[in-house]
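Spelled out, the chains give:
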Amino acid sequence: MNEGLALLVDPLFRVPLLTGLAASLALAPIGVLLMLRDEWLAALGLAHLAAAGALGGLALGAPGLAGAGLGALGGGLVKGALGRRGNGVYGFMILIGWALLLLIAANSAVGEGLGQALIDGQLYFARWPELIAALALALALLWALPRLAWPLLRARLLPRLDRANGRAAWRTHLGMDLVAALGMAVGTATLGLMGAFALVFVPAWVAFRVAHGWRATWVVAGIFAVAGYLGAFVLALALDQPFGPVLVAVLVLLAWGASALQAGWRLLTGWR
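Per an unreviewed UniProt entry, the recorded name for the chain is ABC transporter, and the organism is Marichromatium purpuratum 984. UniProt lists a comment for the chain under the heading Sequence similarities (unreviewed entry), and it reads "Belongs to the ABC-3 integral membrane protein family."

Listed below in structure tokens is the structure:
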């Protein structure tokens, strides 16, 4: 563990560390809003399209980050144009993205190894373009989330209010689809397919279970995501393991621990 902490401040890992930190801070609030809409599967569906787009871009000689953005944004735009709600459409995104990812890997010069790297995550190879993209995403969310959170919360609690007042709710939902697509494009290109999905889903899942109040939900999700990310980064370096699987394992174990602590607290206090 001491070796991992020493490598944490090594200049070689400074850019990857900051890239993943910015991405985790951005993905956690996206997960909260997707959980609010009961569309948490969006993260996995968009991640598959982003991975397929990244591999397709690399096969054509384009940057993987650009291909990931086009793949995820394309899925978000199609979903918004269709006006579909719920997780069903994202199930088809998973299947389409998975099929494209494997077919591109099998029929291009980039090979299956790079496709597997996109699934596992390439955080240690992140450089300034990935860091700039992650920071830009985090800054964009600072502007977008306050404009999306209240309309989405209102649509969840009072679904007929926008229609009664003649509000164009589709703009808010399309905006959320595009924000989620951008987040998953950056997350998948840096943290890997399952790592990005885990940072969207697990912190939000924990926050919705343990937080008391809407503001506390944001705080809990953010703290959980950052703690899980930093713990996984140190552990993966110390044990010389691939980052993506370690991140997923750490987040799942932390979620189990949080759930167990909550159950114990309820048992002791009689709170329901």
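1. Some details on the overall build of the chain
Regarding its fold elements, the chain presents 12 helices and 0 strands. Expressed as a percentage of its 272 residues, the buried residues of the chain come to 47%. Within the chain, contacts between residues at least 6 apart in sequence are counted, and of these 79% link residues at least 24 apart. Split by element, the accessible area of the chain, about 13400 Å² in all, is 70% carbon and sulfur.

2. Details of the nonpolar core
In terms of nonpolar packing, the biggest core is built from 72 residues, with L33, M176, M184, L191, F233 and F243 touching the most fellow members. With 11 residues, helix α3 (residues 42–59) is the single largest residue contributor to this core. Setting aside residues no more than four positions away along its own chain, M176 makes contact with I30, L33, L34, R37, L148 and L152. Counting 5 residues, the second-largest nonpolar core is a separate cluster that includes V32, M35, A204 and A221.

3. Thoughts on the side chain of H48
With respect to the helices, strands and loops of the structure, H48 is situated in helix α3. For H48, the contacting residues outside a window of four places in its chain are M93, I94, G97, W98 and L193.

4. Describing the packing of helix α2 (residues 14–36) against helix α11 (residues 214–239)
For the pair α2 and α11, the least separation of the axes is 9 Å and the interaxial angle reads 145 degrees. Considering how the two elements wind past one another, α2 and α11 form a crossing that is right-handed. The residues of α11 that touch α2, namely those facing P16, L17, G20, L21, S24, L25, A28, P29, V32, L33 and L36, are W214, T217, W218, A221, G222, A225, V226, Y229, L230 and F233. Here the residues of the contact of α2 with α11 sort into 17 nonpolar, 4 polar and no charged.

5. Remarks on a nonpolar patch on the surface
Together, F92, L95, I96 and L100 make up a nonpolar patch on the protein surface, roughly 420 Å² of accessible area in all. In this fold, L100 is placed in helix α5 (residues 88–106).

6. Let's talk about the layout of surface pockets
When its volume is computed, the largest pocket comes out at roughly 320 Å³. For the largest pocket, the lining is made up of 14 residues, of which L25, P29, L142, L145 and W218 are closest to its centre. Of all the elements in the fold, those that place two or more residues in the lining of the largest pocket are α2, α7 (128–157) and α11. Sorting elements by how many residues they give to the lining of the largest pocket places α7 first, with 6 residues. Considering only residue class, the lining of the largest pocket consists of 13 nonpolar, 1 polar and no charged.

7. Digging into α2
Taking 1.5 Å as the rise per residue, α2 with 23 residues should run 33 Å; its terminal C-alpha atoms sit 34 Å apart, in good agreement. Summarising burial for α2: 19 of the 23 residues are buried, a large majority. Phi turns positive one or two residues past the end of α2, at D38, with a value near 60 degrees.

8. Observations regarding the UniProt feature "transmembrane region" (unreviewed entry) in the chain
Under the UniProt annotation, "transmembrane region" (unreviewed entry) lies at residues 12–34, 65–82, 89–111, 131–153, 174–206, 218–239 and 246–265. Summarising residues 174–206: 97% helix, 0% strand, and an end-to-end C-alpha distance of 26 Å. Along residues 218–239 one finds 100% helix and 0% strand; the C-alpha atoms at either end are 31 Å apart.

9. Describing unusual backbone geometry
Phi is positive for D38, close to 60 degrees, though the residue is something other than glycine. Topologically, D38 is positioned in the loop between α2 and α3. Here D240, not a glycine, exhibits a phi torsion of approximately 55 degrees, which is positive. Mapping D240 onto the fold places it in the loop between α11 and α12 (243–269).

What counts, and at which threshold
- Residues numbered from 1 in each chain as written.
- Predicted model: local features only at pLDDT ≥ 70, side-chain atom pairs only at ≥ 80, totals over all residues.
- Heavy atoms only, no water.
- UniProt positions renumbered as here; feature names shortened; annotations may be inferred.
- Helix = DSSP H or I, 4+ residues; strand = E, 2+ residues; numbered from the N terminus.
- Buried < 20%, exposed > 50% of the residue type's maximum accessible area, 1.4 Å probe, protein only.
- Contact = heavy atoms within 4.5 Å.
- Areas by Shrake-Rupley, 256 points an atom, 1.4 Å probe, with all protein chains shown as cover.
- Core = buried A, V, L, I, M, F, W, Y, C linked by side-chain atoms within 4.5 Å.
- Axes fitted to C-alpha atoms, helices over the stretch in contact; angles between N-to-C directions.
- Left-handed = near helix turned anticlockwise from the far one by under 90°.
- Nonpolar A, V, L, I, M, F, W, Y, C, P; charged D, E, K, R; others polar.
- Patch = residues over 30% accessible without salt bridge, like charges linked within 9 Å, V, L, I, M, F, W, Y side chains within 5 Å.
- Salt bridge = Lys/Arg side-chain N within 4 Å of Asp/Glu carboxyl O.
- 1 Å grid on protein atoms, 1.4 Å probe; cavity = no way out; pocket = protein on both sides within 12 Å on 5 of 7 lines; lining within 4 Å.
- Points joined across faces, edges and corners; volume = space filled by probe spheres on them.
- Expected span 1.5 Å × (residues − 1).

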